[in-house]
Protein chains: 4
Amino acid sequence: MSGNSFGKLFTVTTFGESHGLALGAIIDGCPPGLELSEADLQKDLDRRRPGKNRYETQRKEPDEVQILSGVFEGKTTGTPIGLQIMNTDQRSKDYSNIKDLYRPAHADYTYMQKYGVRDYRGGGRSSARETAMRVAAGAVAKKYLAQECGIQVRAYLSQLGPIKIEQFDWDEVENNAFFCPDANKVPEMEKFMAGLKGNSIGAKISVVATGMIPGLGEPIFDRLDADLAHALMGINAVKGVEIGAGFDSVEQLGTEHRDEITPDGFLSNRAGGVLGGISTGQDLIAHIALKPTSSMHIPGRSVNVQGEPVEVVTKGRHDPCVGIRATPIAEAMMALVLMDHLLRHRGQNGSVQHDIPVIPPQA
Amino acid sequence: MSGNSFGKLFTVTTFGESHGLALGAIIDGCPPGLELSEADLQKDLDRRRPGKNRYETQRKEPDEVQILSGVFEGKTTGTPIGLQIMNTDQRSKDYSNIKDLYRPAHADYTYMQKYGVRDYRGGGRSSARETAMRVAAGAVAKKYLAQECGIQVRAYLSQLGPIKIEQFDWDEVENNAFFCPDANKVPEMEKFMAGLKGNSIGAKISVVATGMIPGLGEPIFDRLDADLAHALMGINAVKGVEIGAGFDSVEQLGTEHRDEITPDGFLSNRAGGVLGGISTGQDLIAHIALKPTSSMHIPGRSVNVQGEPVEVVTKGRHDPCVGIRATPIAEAMMALVLMDHLLRHRGQNGSVQHDIPVIPPQA
Amino acid sequence: MSGNSFGKLFTVTTFGESHGLALGAIIDGCPPGLELSEADLQKDLDRRRPGKNRYETQRKEPDEVQILSGVFEGKTTGTPIGLQIMNTDQRSKDYSNIKDLYRPAHADYTYMQKYGVRDYRGGGRSSARETAMRVAAGAVAKKYLAQECGIQVRAYLSQLGPIKIEQFDWDEVENNAFFCPDANKVPEMEKFMAGLKGNSIGAKISVVATGMIPGLGEPIFDRLDADLAHALMGINAVKGVEIGAGFDSVEQLGTEHRDEITPDGFLSNRAGGVLGGISTGQDLIAHIALKPTSSMHIPGRSVNVQGEPVEVVTKGRHDPCVGIRATPIAEAMMALVLMDHLLRHRGQNGSVQHDIPVIPPQA
Amino acid sequence: MSGNSFGKLFTVTTFGESHGLALGAIIDGCPPGLELSEADLQKDLDRRRPGKNRYETQRKEPDEVQILSGVFEGKTTGTPIGLQIMNTDQRSKDYSNIKDLYRPAHADYTYMQKYGVRDYRGGGRSSARETAMRVAAGAVAKKYLAQECGIQVRAYLSQLGPIKIEQFDWDEVENNAFFCPDANKVPEMEKFMAGLKGNSIGAKISVVATGMIPGLGEPIFDRLDADLAHALMGINAVKGVEIGAGFDSVEQLGTEHRDEITPDGFLSNRAGGVLGGISTGQDLIAHIALKPTSSMHIPGRSVNVQGEPVEVVTKGRHDPCVGIRATPIAEAMMALVLMDHLLRHRGQNGSVQHDIPVIPPQA
């Protein structure tokens, strides 16, 4: 595989540049018999879509996804599902200002060093626009996991720059533009964003799968937590991934960290739902750090393709915090990982009959 | 692939349980013509080997690796390299105390739920003993990278429980049992370990590749940073991975985070050497959090395979800090990732002639 | 991967059903810098397209391929190439006659047993229509191989039912509707086809790559000949694959079969250009057997999905010999195999300097 | 993957050269709970082992396989199974006669062109000795398929040079050194072999899986027949692969080829048990052509590594017909393909409930 495919049994391959004709994806390996229509995908695409509020890029595109194959009479057939979103906003603009220079903290320079050429329009393939397809594919996985196994994958913003959430209510997450589960923090966040004055800010997103089943994951390299780290670190702008207690583990004593077990269930979940790379049945919990948006209105120093010094400034409107929109993307990536491991588990252990008592997720 | 293989072009597959007959690995895809002997691997195996000091498990095994194939007249031939370490210390012991119960924070329960059966002797496949083979394979990658590209991969302990390093000297790392680059902190660490009294502690390891070349990595899913996160999160006990600024990015402003560029080089390296999933040529920097050792002398609550409550205590000696020994393992995993991406890059872009000025790693 | 992807470094993934909205493919791993436009693909699509003459199915579709991504300013960028052909002829028809029964020698029954559901319109995913995407992707590989390495991949009809070619002229292949290199046989073939009266007939296609380079292929499982067998046997209706002397080898003596070598070149090519799974630099030669078209006007016995006996007859027009149109498909598949092995070879052995004399392809 | 791995969910990776220290393999993905011991593997290894009769190479090695991991208390645990055979007959010999020249029809030249170096001792990695590991791994698959699904994989010699079998009795196959199911032909074969006088001869092997289940295989690229062609063409010396009617299909009419169906079963099996790449439940049937042994006592022309003309003659004893010993290898490869597809099928369609009548294999 050449870098644009994800998953071994539930495989998603994507194509498309920010300002090309279309974005597309092929989902290969979706089990047959799942009821599926564009509406199932559109909901998450709308959550991810920019331009929903004044803190996000004003690119206005409907991002209407079309299912081109793999669904017949309303159900998946087991054959590959072709997905497509036409780019309606890719009309030719003047890119002469970025064509020949490297925007700091962008992929401009690295693409040139890798390929010797780049589609400079809107960042080309490196644009976060590509994540629309991950969200669409993830929506298929989310539906299957929920319907077949009762697994629900959700995410929320746990920190915006210096502002950390203090209260938690899943119901609040969809009630504000920040995916913030603490309604009290929303005004503070709004004020913070308004004060950025062309600068940008980082964020922290938490992703949780509830209703988990034990036994998912492979022991050595393809561990559930390792595959999750791969999936989440692969989201644009992510610089860190934690499972469960994450970096807090560094200062914890063994007696603090270990999740003791009683017949009534686990007494804590510092493991984040994974032991030895395999799910425990507890909630699967991950946190990711997203860097501040690289495009901003404050000029920065860089060089052009000839190596000469230039000053770079991003015109137009951009998200001052890309982290916010990463919420549905993170859900999608966790769902893709779980879906793949579910199918792999079934493949290898399908006929194994376990007569082993299951420990409840929590006491 | 079924979970025990790593890499696409430079592929490492391992086998072996803690108390089975042997550990082994196959390296498939090593370029021909590399001078290689057991001594090249043994050096890192000795660094990883337990029993070197009083803070580590007293399992005494020479861990002598044997190259069974793929090397002819002192050089690699391009065919698979078979590696093997015989387990000499696997004499039958009494495991009746752990056979039927689940040690908290171990993989005992999850293996049972996944497979319906487990090799309970010393943790079986889930034992950190398996990492010996990763270190052996990583040593091959390290040698190739150093010799062919001048890339050097090294790691060090950056934090032991609450003790953070304050000074940095690569030369100190191999001078103490902690892989600690700050000689002044070593006495403090020794004292801390002595005071654990049967408890255990977490740690933080930092891994760095210097002499990097730009252009390694694939843009979307198989990003260099995503593959690195996969590799490092897959090490036993790791709960978090950061690239460059990592979780500090959450509170950074865009102007703080972006690494500005001048004709003399990058002005900072908060990106950790990766932009858009592709290497910049700056140092590649990652940090990992390791949880405290799960085996400890302080009793804990758990259940047995029948679901009844039991008290668990680990007898014998164990590392109170598994993080320390993870240092050479982390180097190995970063080396395996870089080696694979080097070959992939060559494959796709081998004939591309770049006439593009390279930005120096730092100004 | 889940069955709809081909290749490891030059990876083609396809989607689409015969009567769905569209066919599509993603080519992942195409090297950057290749000049590419729809015209490069359309030529081979037109060669494959049915309806060119009266011996082929009268489905009339332009099969116009569109490149949706991966090409910028006329050149490939190294990012995935999205391809699409809209199905313009998929208007709803009456499929009630085949909906609930299994056509003999078709995939109707096996799809039902595999998936429990099938898109019965025109065979759904099992239709040879899907091969349009292989031809499109193969055209990219063919262009790269020709331009970068001077390798030319071509195929021809070597037998139609009982009629074997006796003379050979590459220039004749494109001059007749049969891809027949022996102009003298064309009238005989036309007469034979006219005499089929609703029945169908098998065929044999030969595929040849000239201008080969030695050293392509992996030794054990991913041999060049094994991968070629996989690629060619995967074409609809193919029942046999030969490399070089093929089944003639069974009755050959060692002294007859071995291709002796002189400083002026190989004295014969019974190996078909592969020894030990690796190319010799001689022409790469394969032959494939294609079964007679399964759809025909002569009624046959079968059962319906309830297991009751039915009589099946195919209405409308169909190719009486699917083998003919397989000619460009076979070229495409050989080109995809060679392209993948070229990139793999470069990846593993890119830096190896061979100072070894090359044996000319023939004396 | 780099060429020495086979299978996606049931993955076999091998290492080892003819005259290296050992041969080995890792089977990754074997379901847990299968009773397994060395004896299960040894039986097929003994069938493959040379030196059983005077028509085969006199290399005398016990080929004793050892299971190093993955089996605990007599059952597989789901973790990788490490296999090893020590080379006991690899004592240093004088290879100066072949070190610097290319034996015609061997892989000597192609390895040099690929790698720039080769282990010339006994053919190194290209020796058929490597197939011992395929046979060992195949034995695991054969046992699982038989025990879990009732699928039996067997092979026989269907032609030796010009001598074709006329009668068929499975019970005779193991009664003679030729794996010949026609006892009457055995004396003729013995006489033919005795008359070869240092020359060698080709052979044809047929492989059959009985007790098949319908629904195995993926539709487009990873078809059951395509994967089988890959597996079988990858056996040393194989030059052709047929499924079912194979090359006879070329001259068949549609009415002859199609396997009509009645409620009592299929009326014929020209498809060889596969339609649209997916198993029908009928016997899975393949035939392979093997070229005459390349090593023979009759001198042939070649060149040395400097490109100068030389005469090559193989000393010592060699199989005059490598095809005979390929019988258990062909079984192993078919078993590996079926095993992999069984696990893949379970993975994708594990929860699908088919309520569709199954057509009996034959009426």
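Residues numbered from 1 in each chain as written. Chains lettered and ligands numbered in written order. Predicted model: local features only at pLDDT ≥ 70, side-chain atom pairs only at ≥ 80, totals over all residues.

**Considering the overall build of chain A**
What counts is decided by this rule: By the criteria applied, helices consist of DSSP H or I runs no shorter than four residues and strands consist of E runs no shorter than two, each listed in order from the N terminus. In this scheme the burial state of a residue depends on its C-beta neighbours within 10 Å: 20 or more other such atoms mean buried, 12 or fewer mean exposed, and anything in between means partly exposed; the C-beta positions come from the backbone. Placing C-beta atoms from the backbone, we regard two residues as in contact once those atoms come within 7 Å.
If you tally the helices and strands in chain A, you get nine helices and 18 strands. Along the first, second and third principal axes, the C-alpha set of chain A runs to 65 × 50 × 40 Å. Burial status across chain A gives 65% buried among its 363 residues. In chain A, once contacts between residues fewer than 6 apart in sequence are set aside, the share between residues at least 24 apart is 72%.

**Comments concerning the environment of Q282 of chain B**
Tracing the chain through its elements places Q282 of chain B in the loop between β15 (278-279) and β16 (284-290). Separated by 71 residues in sequence, Q282 of chain B and G211 of chain B place their C-alpha atoms 7.7 Å apart.

**Details of the pairing of strand β3 (residues 22-28) of chain C**
Residues and elements named next belong to chain C. The line we're drawing: DSSP bridges decide pairing: two strands pair if at least two such bridges lie between them.
Burial within β3 is extensive, with six of its seven residues counted as buried. Two elements, strand β2 (residues 11-15) and β3, share five bridges in a ladder whose sense is antiparallel. Within the sheet, the bridge partner assigned to V12 lies in β3 and is I27. Between β2 and β3, which pair antiparallel one after the other, the connecting turn spans six residues, and G16 there sits at a positive phi close to 120°.

**Points about the packing of helix α4 (residues 131-149) of chain C against helix α9 (residues 322-349) of chain C**
Residue and element names in this part refer to chain C. Rules: Only the contacting stretch of a helix is used when fitting its axis, a line to C-alpha atoms as for every element, and angles between N-to-C directions run 0 to 180 degrees. Throughout this description, any angle smaller than 35 degrees is read as roughly parallel, any larger than 145 degrees as roughly antiparallel, any in the 65 to 115 degree range as roughly perpendicular, and the remainder as oblique. With the far helix as reference, a near helix turned anticlockwise by less than a right angle produces a left-handed crossing, and one turned clockwise produces a right-handed crossing. Residues are grouped as follows: Ala, Val, Leu, Ile, Met, Phe, Trp, Tyr, Cys and Pro are nonpolar; Asp, Glu, Lys and Arg are charged; every other residue, Gly included, is polar.
Running from N to C, α4 and α9 cross one another at 55°; their axes reach a closest spacing of 7 Å. On the basis of the axis angle, α4 is oblique to α9. Where α4 crosses over α9, the two elements pack in a sense that is left-handed. In this structure, α4 contributes T131, R134, V135, A137, G138, A139, A141, K142, Y144, L145 and C149 to the contact, and α9 contributes P328, I329, E331, A332, M333, A335, L336, L338, M339 and L342. Taken together, the residues that form the contact of α4 with α9 break down as 16 nonpolar, two polar and three charged.

**Points about the pairing of strand β3 (residues 22-28) of chain B**
Bridge count for β3 of chain B against strand β7 (residues 81-86) of chain B is six bridges, and the pairing is antiparallel. By the bridge assignment for β7 of chain B, I27 of chain B is matched with I81 of chain B.

**Points about the sheet that holds strand β9 (residues 163-164) of chain C**
Read from one edge to the other, the open sheet built from 10 strands follows the order β9(C)-β8(C)-β10(C)-β16(C)-β11(C)-β11(D)-β16(D)-β10(D)-β8(D)-β9(D), with strand pairing classed as antiparallel. Bordering the open sheet on either side are β9 of chain C together with β9 (163-164) of chain D, each of which pairs with just one other strand. When strand β8 (residues 152-160) of chain C meets strand β10 (residues 203-210) of chain C, the two strands line up antiparallel, connected through eight bridges. From the neighbouring strand, R154 of chain C faces β10 of chain C, where its bridge partner is V208 of chain C.

**Quick look at the interface of chain D and chain C**
The partner chain C presents 101 residues to the 101 residues of chain D that form the contact. With seven residues, the single largest contributor to the side of chain D that touches chain C is helix α3 (residues 108-115) of chain D. Residue composition of the side of chain D that touches chain C, grouped by class: 43 nonpolar, 39 polar and 19 charged.

**Brief notes about the UniProt feature "binding site: FMN" (unreviewed entry) in chain A**
Counted only if it meets this: UniProt positions are given in the numbering used here, feature names are shortened, and annotations may be inferred rather than shown by experiment.
Within this numbering scheme, the UniProt entry marks R125, S126, S127, N236, A237, G276, K291, P292, T293, S294, S295 and R317 of chain A as carrying the feature "binding site: FMN" (unreviewed entry). Summarising the element assignment, R125 of chain A is placed in the loop between α3 (108-115) and α4 (131-149). Apart from the residues lying within four places of it in its own chain, the contact partners of R125 of chain A are E17, D119 and E130 of chain A, P219 of chain B together with T79 of chain C. One can find T293 of chain A in the loop between β16 (284-290) and β17 (300-303). Here T293 of chain A is in contact with S200, H318, D319, P320, C321 and V322 of chain A together with G254 of chain B, once residues within four sequence places are set aside.

**Overview of the UniProt feature "binding site: NADP(+)" (unreviewed entry) in chain A**
Residue and element names in this part refer to chain A. Following the UniProt record, the feature "binding site: NADP(+)" (unreviewed entry) maps to R48 and R54 here. Among the secondary structure elements, R48 is positioned in helix α1 (residues 38-48). The contacts of R48, once residues within four sequence positions are left out, are T131, A132, V135, R325, P328 and I329.

**What to know about the relation of the copies chain D and chain C**
Going by this rule: When the copies are superposed, the least-squares fit draws on C-alpha atoms of residues that have pLDDT of at least 70 in both.
Note on the copies: chain D fits chain C at an RMSD of 0.0 Å, the axial shift is 0.0 Å, and the rotation between them is 180°. In symmetry terms, the pair is related by a two-fold rotation axis. By C-alpha distance to the rotation axis, the residue of chain D lying nearest is H230 of chain D, at 2.3 Å. In this assembly the copies share their binding face: 100% of the residues contributing to the interface of chain D also contribute to that of chain C.

**Considering α4 of chain C**
Residue and element names in this part refer to chain C. Selection rule: Expected helix span is given by 1.5 Å per residue-to-residue step, counting one fewer step than there are residues.
The end-to-end C-alpha distance of α4, which contains 19 residues, comes to 26 Å, matching closely the 27 Å that a straight helix rising 1.5 Å per residue would cover. Burial of α4 is extensive: 14 of the 19 residues sit out of reach of the surface. Once α4 ends, the next one or two residues include G150, with phi positive near 70°.

**Quick word on the sheet that holds strand β1 (residues 5-6) of chain D**
Residue and element names in this part refer to chain D. Strand order in the open sheet made by the five strands is β1-β2-β3-β7-β4, with antiparallel pairing throughout. Looking at which strands have only one partner, the edges of the open sheet turn out to be β1 and β4 (65-67). Of the strand pairs in this sheet, β4 and strand β7 (residues 81-86) are connected by three bridges, and their pairing is antiparallel. Looking at β7, one finds that I67 is bridged to L83.

**Overview of the packing of helix α1 (residues 38-48) of chain D against helix α9 (residues 322-349) of chain D**
All names here are of chain D. As a packed pair, α1 and α9 sit with axes 7 Å apart at the nearest point and diverge in direction by 145°. Touching D44, R47 and R48 of α1 are R325, P328, I329 and A332, all from α9. For the contact of α1 with α9, the class distribution of residues is three nonpolar, no polar and four charged.

**With respect to helix α9 (residues 322-349) of chain A**
All names here are of chain A. Filter applied, for reference: Axes are fitted to the seven residues ending at a residue and to the seven starting at it; the angle between these axes is taken as the bend at that residue.
Along its 28 residues, α9 runs 40 Å from first to last C-alpha, staying within 8% of the 40 Å computed at 1.5 Å per residue. Along α9, the sharpest change in direction is near 35° and occurs at P328. Of all 28 residues making up α9, 28 are buried, and the element is well covered by its neighbours.

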